[in-house]
Amino acid sequence: MHRHITVMVKSEKVLFILHVDDQQLDDHGKDVMAQVSVEMIALSRISSVATSYVYHQPQHYSSGDPVKELTFGMSWGGTKRIDLAPAACGDPQCDADHGLNGTSQPEDLVIRVSAEADGQRAVNKAREFAVRLRLATIA
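In this text the structure is predicted, and so the values were computed from the model without any measurement.

**Student:** Which residues make up the layout of surface pockets, and what values go with them?
**Tutor:** When its volume is computed, the largest pocket comes out at roughly 460 Å³. Lining the largest pocket are 17 residues, with T6, I111, R112, V113 and A126 positioned closest to its centre. Tallying contributions element by element places strand 1 (residues 3–10) first for the lining of the largest pocket, with five residues. Residues that form the lining of the largest pocket fall into these classes: 11 nonpolar, three polar and three charged.

Printed below as a string of structure tokens:
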């Protein structure tokens, strides 16, 4: 079994992010490796807090329906994600190397929480946290 957990704690001036991964190294589960990462970011450095909500059966939506999934992302300039793909031209007979095309996006942390996997309470708490973090970074 592979476990994966991220914990975020916001103080008055700092956001702490703790991430734990463990992984079975053999087929019997006797050898296990754990990796723990801790990051501390000044709230003043957070440049973006983005949220994306998923509502099931939107054609029946009414005010107050719960969010079923939340994707929560933020950036502070720590890392960028680069997506590259081979560039091509319109000529199907062309075999020239056209290099690469791609995008570079700031993406220091993205977390997805779903009611189905994590429970509705976890989605609600993640949404509240995202709102509080967004307000703290504006100040």
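**Student:** Please give an account of the nonpolar core that cites residues and values.
**Tutor:** If you look at the biggest cluster of nonpolar residues, it comprises 21 residues, and the most contacted ones within it are M8, L15, I17, I46, F72, M74 and L133. Looking at this core, the elements that each hand over two or more residues are strand 2 (14–24), strand 5 (69–75), strand 8 (109–114) and helix 2 (120–138). Here the element with the most residues in this core is helix 2; it accounts for five residues.

**Student:** Outline the sheet that holds strand 1, supporting the account with residue identities and numerical values.
**Tutor:** Ordered in space as 1-2-3, the three strands form an open sheet in which the pairing is antiparallel. What marks the edges here is a single partner per strand, and that holds for strand 1 and strand 3 (32–42). Ignoring which end each strand starts from, the neighbouring axes of this sheet average 10° apart. For strand 1 and strand 2, the ladder comprises eight bridges, and the chain directions are antiparallel.

**Student:** Kindly report on the packing of aromatic side chains, identifying the contributing residues and their values.
**Tutor:** Taken as a whole, this structure holds two aromatic pairs when the rule is applied. Aromatic pair Y55 and Y61: ring centres 5.2 Å apart, planes at 75°, arrangement edge-to-face. Here F72 and F129 contribute two aromatic rings whose centre-to-centre distance is 6.3 Å and whose plane-to-plane angle is 85°, an arrangement assigned as edge-to-face. Linking F72 in strand 5 with F129 in helix 2, this pair joins segments that are 57 residues apart in sequence.

**Student:** Which residues make up the pairing of strand 5, and what values do they have?
**Tutor:** Strand residues, when the strand is regular, have side chains that alternate between the two faces of the sheet. Among the seven residues in strand 5, five count as buried, and that is most of the element. One ladder, built from six bridges, connects strand 5 with strand 8; its direction is antiparallel. By the bridge assignment for strand 8, E69 is matched with S114.

**Student:** Please provide a residue-by-residue account of helix 2, values included.
**Tutor:** The end-to-end C-alpha distance of helix 2 is 28 Å, a good match for the 27 Å that 19 residues give at a rise of 1.5 Å each. Taken residue by residue, helix 2 has V123, A126, F129, A130 and L133 as its buried positions. Viewed along the axis of helix 2, the buried residues span an arc of 125°, placing them on a single side of the element. Set apart from the buried face of helix 2 by more than 90 degrees, the exposed residues are R121, L135 and I138.

Parameters and conventions
Residues numbered from 1 in each chain as written. Predicted model: local features only at pLDDT ≥ 70, side-chain atom pairs only at ≥ 80, totals over all residues. Heavy atoms only, no water. 1 Å grid on protein atoms, 1.4 Å probe; cavity = no way out; pocket = protein on both sides within 12 Å on 5 of 7 lines; lining within 4 Å. Points joined across faces, edges and corners; volume = space filled by probe spheres on them. Helix = DSSP H or I, 4+ residues; strand = E, 2+ residues; numbered from the N terminus. Nonpolar A, V, L, I, M, F, W, Y, C, P; charged D, E, K, R; others polar. Core = buried A, V, L, I, M, F, W, Y, C linked by side-chain atoms within 4.5 Å. Buried < 20%, exposed > 50% of the residue type's maximum accessible area, 1.4 Å probe, protein only. Pairing = 2+ DSSP bridges. Axes fitted to C-alpha atoms, helices over the stretch in contact; angles between N-to-C directions. Phe/Tyr/Trp six-rings, centres within 6.5 Å; stacked < 30°, edge-to-face > 60°. Expected span 1.5 Å × (residues − 1). Arc of directions from axis to C-beta.

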